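Coordinate inspection notes
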Amino acid sequence: MYKQGFFITTLVMACLLLFACHAKVPDIETQLQTTLAAQTVSPLDVGVAPDAAKVALGQMLFFDKELSGNRDISCATCHHPSQGSGDGLTVSIGTGGAGLGPARQIGYGRSFIPRNAPEVFNRGSAEWTTMFWDNRVIIQDGGFHTPAGDSLPAGLDNILAAQAMFPVTSADEMRGLAGDEDVRGSVNELALLPGDDLPAIWAALMTRLFTYPEYVALFEAAYPGVPAEELTFAHAANAIAAFEIQAYTLPNSPWTNYLNGDSSALSELEKQGALLFYGDAGCATCHSGSLLTDQTPHALAVPQVGPGKGDESPLDLGRWRETAVDADMYAFRTPSLHNVAVSGPYMHDGAFATLEAAVLHHLDPETSLLTYDPTQHLHPELYDTFQNDPALLAEMLEYVDPELAPERPLTATEIEALLAFLQTLTDPAVNNLDQFVPGSVPSGLPVQDIVMQNSH
Ligand code: HEC
Ligand code: HEC
C-alpha cells in the first residue's frame, strides 16, 4: 500500500514536471543559441594582417588623384573613411565631379556612375570569392575571372587586388574622356588610350607613378629585390588591397562579441531581432555565413534609379549582363551586412535612403516598388531617372526570387527588432577612421576634399 502510494505520487509529480517543462517557452537567449547552433553561425574570420610596407604604399595610392586621368579623383573619393567606406551617394559621381559625401556635385556634361558605391569592409576574409554588384570579378576553378580576360596580370594577392585593377580603367569613374584636360591643364594621356587596351592603361599609370621619387622608394620598400622594370600595376593593386584590409577591417561589433560568448552584448529586443533574422524573417537564407552574404545574385525588384548600365540603359539588368541567363535578370549579389548602419544609401543603385526602407522592401517588394516615391529618397537631379513604366514594374516583380518571402508576415514590433539587430552589426571603430586619411600624397595633389552635407 505504502509502495503503491509512493509510486503514484512520484508519477503525478513527474507528470507535473514534464507538463511544466513543456508549457514553458524557452527564453529568447536559449532560443537564439539553439537556432545559431543548428545553423552553425560562427564569428567572422578577418584573415591575416597585411604587410606594413604594402599598406604604406597602398594608403598613398588609395588617396592619390594621380591615379585618375584628370588627376581629380581617387579611390577614396568614392570609398572614404568618413563615409563608411562608400560615398554617401545614391549612385556615384566620377571624374569631373567636385566635393565629397552626399552632396558631391556632378561635373558639367558628365553622367552619373550606374551603381551605388558599396562598402568595402572586411574584404581580407578568405571567404570572399566575388566582387561587384554583378559578380563580374569572381574566383572560378581556382582562378580570377574578370572583364580583363587573358590580359589580367599574374601575381595578384587576392580577389580584392584583382578588383583594384578596374576602377582606373573606367572612363566615367577615373580615366576620363578623350579630349579632357587634367587639373593642371595638361592633356589627359590615359583617356587617349583605347578603352579595351587595359595593359596600356596600367603601364601608363606606372609611368606616371615612377616620375615621383617618393613612389619609387615606396614600391622598393614594399617589394624589396624586385627590379623597377618588373613592377606592374598588379603590384600597385596588391598594395591598395593591403591598405583597404588594414583600414576597413571592422569586425568588432556587439554581434561578434555575442557570437564569441558575451550574452550581455545584445539587448532582449536585439536578440529577438537576431532570432527573426535567422528564423521566421528568412534573412539568413541569403545573408548567410559569417560575412552575412551568400555572394549569390538574387532579384528583389529594387526600384530602378540612376542612369542604368550599358546597352540596356536606363535599365540595369544586373547579373544578366554577365551571363545572359534568364534567371539572372535584375539580380544583384547579396550585400554583406557588417556595419550596414553606416553604409547607406542602400541597394545596388542606392534607391533607398534608410535601412528601414531597405528592409521593408524585402518584406513586401510589390507595395514598395509600386508606391516608390523618388522624392523621398533621391537627390532632385535623379527624380526623373526612376523607371516607373507599369509593364516594366510588373516584369520586375515576376522575377523576384521566391526565397525572399518571409515564413509569415512580421508585426511592427518584430520589424523594429530586426532593425535593432542590424544596428548591432556596427563596430564602434567605424567612427574613428579619420586616422587613415594621410596628410599628403607623393603627387602633391590635394587629399582633403570638402565634406558636403546633404542639402535636400
Ligand atoms: C567614382 C566612384 C568610384 C571610384 C573612384 C572608385 N570606386 Fe570602387 N566602386 C564604385 C562603385 C559604383 C562600385 C560598384 C560597381 C559595380 O558593382 O558595378 C565600386 C566597387 C568597388 C569594390 C567592390 C566591392 C564588392 O565587394 O563588390 C571595391 C573593392 C572597390 N570598388 C574599390 C575601389 C578601389 C580600390 C578604387 C581605386 C582604384 C575604387 N574603388 C575607385 C565607385 C568607385
Ligand atoms: C532572397 C535573398 C535575400 C533575402 C531572403 C534577404 N535579402 Fe537582404 N538583400 C538581398 C539582395 C540581393 C540585396 C541587394 C539587392 C539589390 O541591390 O538589388 C539585399 C539588400 C539588403 C540590404 C541593403 C544592404 C546594402 O548594403 O545595400 C539590407 C539592409 C538587407 N538586405 C537586409 C535584409 C533583411 C533584414 C532580410 C530579412 C528580412 C533580408 N535582407 C532578406 C538578398 C536577400
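Quick caveat: nothing in here was measured; it's all calculated off a predicted structure. (Residues numbered from 1 in each chain as written. Chains lettered and ligands numbered in written order. Predicted model: local features only at pLDDT ≥ 70, side-chain atom pairs only at ≥ 80, totals over all residues. Heavy atoms only, no water.)

Examining the overall build of the protein
Each helix and strand in the protein was counted, giving 17 helices and five strands. Structurally, the protein occupies a C-alpha span of about 105 × 55 × 45 Å along its principal axes. Counting only residues that meet the buried cut, the protein has 52% of its 456 residues in that class. Residue pairs in contact within the protein that sit at least 24 positions apart in sequence constitute 69% of those at least 6 positions apart. Of the roughly 20500 Å² of accessible surface on the protein, 57% is carried by carbon and sulfur atoms. (Helix = DSSP H or I, 4+ residues; strand = E, 2+ residues; numbered from the N terminus. Buried < 20%, exposed > 50% of the residue type's maximum accessible area, 1.4 Å probe, protein only. Contact = heavy atoms within 4.5 Å. Areas by Shrake-Rupley, 256 points an atom, 1.4 Å probe, with all protein chains shown as cover.)

Notes on the coordination of the iron atom of ligand 1
Among protein atoms, the single one acting as a donor to the iron atom of ligand 1 is H79 (NE2), 2.1 Å away. Within the secondary structure, H79 is located in the loop between α4 (75-78) and β1 (130-131). (Donors = N, O, S within 2.8 Å, 3.2 Å for Na, K, Ca; no water.)

Details of the site of ligand 1
Around ligand 1, 27 residues are found, and the nearest of them are C75, C78, H79, F132 and R136. F132 places a main-chain nitrogen or oxygen 2.6 Å from an oxygen atom of ligand 1. At 3.2 Å, a side-chain N or O of Q163 approaches a nitrogen atom of ligand 1. Secondary structure elements with two or more residues in the shell around ligand 1: α4, α5 (159-164), α6 (171-175) and α9 (233-248). Residues that form the shell around ligand 1 fall into these classes: 15 nonpolar, six polar and six charged. (Near = heavy atom within 4 Å. Polar contact = N/O pair within 3.5 Å; in protein donor to acceptor, adjacent residues only side chain to side chain. Nonpolar A, V, L, I, M, F, W, Y, C, P; charged D, E, K, R; others polar.)

Some details on the packing of helix α13 (residues 355-363) against helix α17 (residues 412-423)
At their nearest, the axes of α13 and α17 sit 11 Å apart, and the two run at 125° to each other. One finds that α13 runs oblique with respect to α17. In this structure, α13 meets α17 at a crossing whose hand is right-handed. Contacts from L355, E356, V359, L360 and L363 in α13 reach I415, L418, L419, L422 and Q423 in α17. Of the residues in the contact of α13 with α17, the class split is eight nonpolar, one polar and one charged. (Axes fitted to C-alpha atoms, helices over the stretch in contact; angles between N-to-C directions. Parallel < 35°, antiparallel > 145°, perpendicular 65-115°, else oblique. Left-handed = near helix turned anticlockwise from the far one by under 90°.)

Structural notes on the domain arrangement of the protein
Entries for the protein in the domain assignment read domain 1 (52-250 + 430-436) and domain 2 (283-405). Inter-centroid distance (C-alpha atoms) of domain 1 to domain 2 is 25 Å. On the side of domain 2, 35 residues touch domain 1, which itself brings 29 residues to the contact. Buried surface at the junction of domain 1 and domain 2, summed over both partners, amounts to about 2700 Å²; 54% is from carbon and sulfur atoms. (Domains from an automatic or database assignment. Buried area = accessible area lost by both parts, 1.4 Å probe.)

Some thoughts on the coordination of the iron atom of ligand 2
At this site the iron atom of ligand 2 is bound by H287 (NE2) and H362 (NE2), with donor distances of 2.0 Å. Of note is the iron atom of ligand 2, whose six donor atoms meet at the metal with angles of 85 to 179° in an arrangement that counts as octahedral. Here H362 lies in helix α13 and H287 lies in the loop between α11 (268-277) and β4 (297-299), a separation of 75 residues in the sequence. (Tetrahedral: all angles 85-135°; square planar, octahedral: opposite > 155°, others 65-115°.)

Quick word on the sheet that holds β1
With antiparallel pairing, the three strands of this open sheet are ordered in space as β1-β2-β3. Looking at strand neighbours, the two that pair on one side only are β1 and β3 (143-145), the edges of this open sheet. Pairing between strand β2 (residues 137-140) and β3: three bridges, direction antiparallel. Across the sheet, the residue bridging to I139 is F144, located in β3. (Pairing = 2+ DSSP bridges.)

Some details on the pairing of β2
Examined bridge by bridge, β1 and β2 share two bridges and lie antiparallel to one another. The residue bridging M131 from the neighbouring strand is V137, located in β2. Count of turn residues in the β1/β2 antiparallel hairpin: five residues, of which F132 carries a positive phi of about 80°. Here β2 hands over to β3 after two residues, with D141 in that stretch at a positive phi of 50°.

Examining the site of ligand 2
The local shell around ligand 2 holds 23 residues, among which C283, C286, H287, H348 and H362 are the closest. With respect to ligand 2, the backbone of M347 contributes an N or O atom lying 2.7 Å from an oxygen atom. One nitrogen or oxygen atom from the side chain of H362 is found 2.7 Å from a nitrogen atom belonging to ligand 2. With four residues, the single largest contributor to the shell around ligand 2 is α13. Of the residues belonging to the shell around ligand 2, the class tally is 16 nonpolar, six polar and one charged.

Remarks on the nonpolar core
If you look at the biggest cluster of nonpolar residues, it comprises 66 residues, and the most contacted ones within it are L57, L61, Y215, F219 and F233. Going through the elements one at a time, α3 (52-63), α4, α5, α7 (198-209), α8 (213-222) and α9 are the ones with two or more residues in this core. Take this core: its biggest share by element is 12 residues, from α9. Beyond its immediate stretch of four places on either side in the chain, L57 contacts Y215, L218, F219, A222, Y223 and A239. (Core = buried A, V, L, I, M, F, W, Y, C linked by side-chain atoms within 4.5 Å.)

Considerations on the packing of α3 against α9
Two elements in contact, α3 and α9, have axes separated by 7 Å at closest approach and are oriented at 95°. When the axis of α3 is compared with that of α9, the two are roughly perpendicular. In this structure, α3 uses K54, V55, L57, G58, Q59, L61, F62 and F63 to contact α9, whose residues at the interface are A236, A239, I240, A242, F243, E244, Q246 and Y248. When grouped by side-chain class, the residues that make up the contact of α3 with α9 number 11 nonpolar, three polar and two charged.

Thoughts on the packing of aromatic side chains
Overall, the coordinates contain 17 aromatic pairs when judged by the stated rule. Plain terms: the ring middles of F243 and F436 are 6.2 Å apart, the flat faces sit at 70° to each other, and that makes the pair edge-to-face. A residue pair is termed long-range when its members are at least 10 positions apart, and F243 in helix α9 and F436 in the segment after α17 qualify at 193 residues. Assigned by exposure class, F243 and F436 land together as buried. Taking the centre distance of 4.9 Å and the plane angle of 90° together, the rings of W255 and F421 count as edge-to-face. Placement of the pair is W255 in helix α10 (residues 254-259) and F421 in helix α17, with a sequence separation of 166 residues. Ring pairs connect the aromatic residues F62, F63, F121, F243, Y248 and F436, which therefore count as one cluster. The aromatic ring of W128 is capped on one face by R123, whose charged end is 4.2 Å from the ring centroid. (Phe/Tyr/Trp six-rings, centres within 6.5 Å; stacked < 30°, edge-to-face > 60°. Lys NZ or Arg CZ within 6 Å of the ring centre and 35° of its normal.)

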